[in-house]
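Structural description and commentary
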Amino acid sequence: MNAGSKPTDIQINAERLWGSLMDMAKIGATPKGGVKRLTLTDLDRQGRDQFVSWCTAAGLAVTVDGVGNIFARRAGRNNALPPVVSGSHLDTQPSGGRFDGCFGVMAALEVARTLNDRDLQTEAPFEVAMWTNEEGSRYLPVMGGSGAFTGAHTVEEILAAPDLDGVSFGDALRAIGYAGAAPVGGRRLGAYFEAHIEQGPLLENTGNTIGVVTGALGQRWFEVAVRGMDAHAGPTPMHLRRDALYGASFLIQEVNRLAKATEHSRGTVGMIVNRPNSRNVVPGETVISVDFRDTDVFGLDRMEQGIRAAAQRISAEHALEIDMRQTVFFPPCHFDASCVAAVRAGAARLGYRHMDIVSGAGHDAVNIAGVAPTAMIFVPCEGGISHNEIENATPEDVAAGCNVLLQAVLAQAG
Ligand code: HGY
Ligand code: MN
Ligand code: MN
């Protein structure tokens, strides 16, 4: 920076950022204005290709690792230093929106583009990251790409995971041409920042533009299989039935009762597979997902114990077998104080109203926080709505979030 200039003199190009967001949203656009770009599908490939071509056009060196994570690197003055990294994900929920994940990837790309415009070289290298399968909708575990990078999951485990049609992660990754040669993880990051929409109502309700994210709720997910007996819906008397779906309905009630017991606990049954799912057959097998979240592990333990006790009762009362398998566990996450301070200072310097906030959603930053100093920047989304095709944010708010990201990156990358 030339003498006399202040860090806040450098501002991102808000039109270019919004344009990239809207262009990316065209890939997998849905009639209701959302985006369906499930991980490792051909639409994901198109989104990845678009992202890689923008990175290449910005002069970034692109590498892809063995689980499809993409890193676009901008050299610093001292390339022996571990890079400052920023990014998020491009995969969406089946009924996703235009901003969840994509905003963080486009914001990080816009930081690189702005540094190019100003011909600014940071001390440490800067990398834009796109993590594979953050959403965990098609493949478990959720946040699998960043989890493989940090060693929370083995590459073999990630590649072997099957989707509901039995297609493995590895086969789907190879089919879209993103089974990269770069090793997965095993390298230090100087710091990691992720910009994201809040996906909740707090910022909007309090009139804040920036959320200084101090951490994230802990999460514990289960797959629960309820097994009874297929039977004819007509001749089978009610008292002789072993109805798996009926049994699962009590579990769903209990998940909600447990989660409503405290103000910071969450419980969701989001997925159900019912077999044989025929109108006139008493269901013999029902599999449900359970997603518990809380600010502390004791809260997660309380809900787990509660649902296990309920499963025992329901199993006995309705002659059903109930198997519960834990599929995801993230302890409550606390981000790095110096990175959080860099975000807060950036928001203050730029004059944006801001507040500290804990993320109810999981993010790749939750994984990366285990291996590098990490923090996140939230911007409001309309009505706090997300994981919904009507998810919306304003050009002003995403530009504000991206400007804070730029300030935080400059503070950490030198
Ligand atoms: O589940 C989550 O919190 C994130 O959207 N994957
Ligand atoms: Mn997300
Ligand atoms: Mn999401």
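Residues numbered from 1 in each chain as written. Chains lettered and ligands numbered in written order. Predicted model: local features only at pLDDT ≥ 70, side-chain atom pairs only at ≥ 80, totals over all residues. Heavy atoms only, no water.

1. Comments concerning the coordination of the manganese ion (ligand 2)
Each pair of donors in an ideal octahedron of six around a metal sits at 90 or 180 degrees, and each pair in an ideal tetrahedron of four sits at 109.5 degrees. Surrounding the manganese ion (ligand 2) are the protein donor atoms His-89 (NE2), Asp-100 (OD) and His-196 (NE2), at 2.1 to 2.3 Å. With a relative accessible area of 0%, His-89 lands in the buried category. (Donors = N, O, S within 2.8 Å, 3.2 Å for Na, K, Ca; no water. Buried < 20%, exposed > 50% of the residue type's maximum accessible area, 1.4 Å probe, protein only.)

2. What about the nonpolar core?
In terms of nonpolar packing, the biggest core is built from 99 residues, with Leu-21, Phe-51, Met-106, Phe-193 and Ile-210 touching the most fellow members. When residues in this core are grouped by element, the largest group, 11 residues, is from helix H12 (residues 395–413). Composition of this core by domain shows at least three residues from each of domain 1 (7–217 + 332–413) and domain 2 (218–330). The residues touching Ile-210, leaving out its near neighbours within four places in the chain, are Leu-203, Ala-347, Tyr-352, Arg-353, His-354, Met-355, Ile-377, Phe-378, Val-379, Ala-400, Gly-401 and Val-404. Membership of the second largest hydrophobic core comes to 21 residues, among which are Ala-248, Ala-259, Met-303 and Ala-311. (Core = buried A, V, L, I, M, F, W, Y, C linked by side-chain atoms within 4.5 Å. Helix = DSSP H or I, 4+ residues; strand = E, 2+ residues; numbered from the N terminus. Domains from an automatic or database assignment. Contact = heavy atoms within 4.5 Å.)

3. A few points about the coordination of the manganese ion (ligand 3)
In this structure, Asp-100 (OD), Glu-135 (OE), Glu-135 (OE) and His-387 (NE2) serve as the protein donors to the manganese ion (ligand 3), at separations of 2.2 to 2.5 Å. Taken in chain order, the donor set of the manganese ion (ligand 3) reads D-x34-E-x251-H. The distance between the manganese ion (ligand 3) and the manganese ion (ligand 2) is 3.5 Å, with Asp-100 acting as a donor to both metals. Taken together, the positions of Glu-135 in the loop between strand S4 (126–131) and helix H4 (144–150) and His-387 in the loop between strand S16 (374–379) and H12 put the pair 252 residues apart, joining distant regions of the chain. The exposure class assigned to Glu-135 is buried, which follows from its relative accessible area of 6%.

4. Some remarks on the site of ligand 1
In the vicinity of ligand 1, the residues found are Glu-134, Glu-135, Val-142, Gln-219, Trp-221, Arg-293, Ala-361, Gly-362 and His-387. Interatomic distance of 3.0 Å between a side-chain N/O atom of Glu-134 and a nitrogen atom of ligand 1. For ligand 1, an oxygen atom lies 3.3 Å from a polar atom in the side chain of His-387. Protein chains shield 95% of the accessible area of ligand 1, which is 210 Å² for the free molecule. Across the shell around ligand 1, the residue classes break down as three nonpolar, three polar and three charged. (Near = heavy atom within 4 Å. Polar contact = N/O pair within 3.5 Å; in protein donor to acceptor, adjacent residues only side chain to side chain. Areas by Shrake-Rupley, 256 points an atom, 1.4 Å probe, with all protein chains shown as cover. Nonpolar A, V, L, I, M, F, W, Y, C, P; charged D, E, K, R; others polar.)

5. Here's the deal with the domain arrangement of the protein
Per the domain assignment, the segments making up the protein are domain 1 (7–217 + 332–413) and domain 2 (218–330). On a C-alpha basis, the centres of domain 1 and domain 2 stand 33 Å from each other. Taken together, the contact between domain 1 and domain 2 spans 11 residues of the former and 14 residues of the latter. Of the roughly 1100 Å² buried where domain 1 meets domain 2, counting both sides, 73% is carbon and sulfur surface. On the domain 1 side of the interface with domain 2, the three residues burying the most area are Leu-140, Leu-217 and Pro-332, jointly 55% of the side's total. Between domain 1 and domain 2 we count one residue pair in polar contact (both at pLDDT 80 or more) in total. Of the residues assigned to the side of domain 1 that touches domain 2, the class counts are eight nonpolar, three polar and no charged. (Buried area = accessible area lost by both parts, 1.4 Å probe.)

6. A closer look at the pattern of salt bridges
Under the counting rule described, the total for this entry stands at 22 salt bridges. With its nearest N and O atoms 2.8 Å apart, the salt bridge here joins Arg-45 to Asp-49. Of this pair, Arg-45 and Asp-49 both sit in helix H2 (residues 42–57), four residues apart, which is roughly one turn of the helix. Accessibility expressed as a relative area gives 25% for Arg-45, which makes it partly exposed. For Asp-49, a relative accessible area of 31% translates into the label partly exposed. As a salt-bridge pair, Glu-127 and Arg-187 come within 2.7 Å of each other at their nearest N and O atoms. Taken together, the positions of Glu-127 in strand S4 and Arg-187 in the loop between helix H6 (169–175) and strand S5 (191–197) put the pair 60 residues apart, joining distant regions of the chain. Residue classification places Arg-187 among the partly exposed positions, given a relative accessible area of 33%. (Salt bridge = Lys/Arg side-chain N within 4 Å of Asp/Glu carboxyl O.)

7. Some remarks on helix H8 (residues 244–259)
For H8, which comprises 16 residues, the first-to-last C-alpha distance of 23 Å matches the rise-based estimate of 22 Å (1.5 Å per residue) to within 8%. Along H8, the residues that are buried comprise Ala-244, Gly-247, Ala-248, Leu-251, Glu-254, Val-255, Leu-258 and Ala-259. An end-on view of H8 places all buried positions within 125° of arc, on one side of the element. Exposed positions of H8 whose direction lies more than 90 degrees from the buried face are Gln-253 and Arg-257. Residue Asp-243 occupies the N-cap position of H8, its side-chain oxygen lying 3.1 Å from the main-chain nitrogen of Leu-245. (Expected span 1.5 Å × (residues − 1). Arc of directions from axis to C-beta.)

8. Some remarks on the packing of helix H1 (residues 14–25) against helix H3 (residues 102–117)
For the pair H1 and H3, the least separation of the axes is 9 Å and the interaxial angle reads 140°. On the basis of the axis angle, H1 is oblique to H3. Two packed elements cross with a definite hand, and for H1 against H3 that hand is right-handed. Seen from H1, the contacting residues are Arg-16, Leu-17, Ser-20, Leu-21 and Met-24; seen from H3, they are Cys-102, Phe-103, Met-106, Ala-107, Glu-110, Arg-113, Thr-114 and Asp-117. A class-by-class count of the residues in the contact of H1 with H3 yields seven nonpolar, two polar and four charged. (Axes fitted to C-alpha atoms, helices over the stretch in contact; angles between N-to-C directions. Parallel < 35°, antiparallel > 145°, perpendicular 65-115°, else oblique. Left-handed = near helix turned anticlockwise from the far one by under 90°.)

9. Description of the pairing of strand S3 (residues 84–89)
With six of its six residues buried, S3 lies for the most part within the structure. What you see with S3 is no split at all: Val-84, Ser-86 and Ser-88 on one side and Val-85, Gly-87 and His-89 on the other are buried throughout. One ladder, built from six bridges, connects S3 with S4; its direction is parallel. Residue Gly-87 lies in a different strand from S4, and its bridge partner there is Ala-129. One crossover worth recording links S3 to the parallel S4 by way of H3, and it is right-handed. As paired elements, S3 and S5 share three bridges and run parallel to each other. In the strand pairing of S5, Val-84 is matched with Ala-191. (Pairing = 2+ DSSP bridges. Right-handed = clockwise from strand over helix to strand, strands pointing away.)

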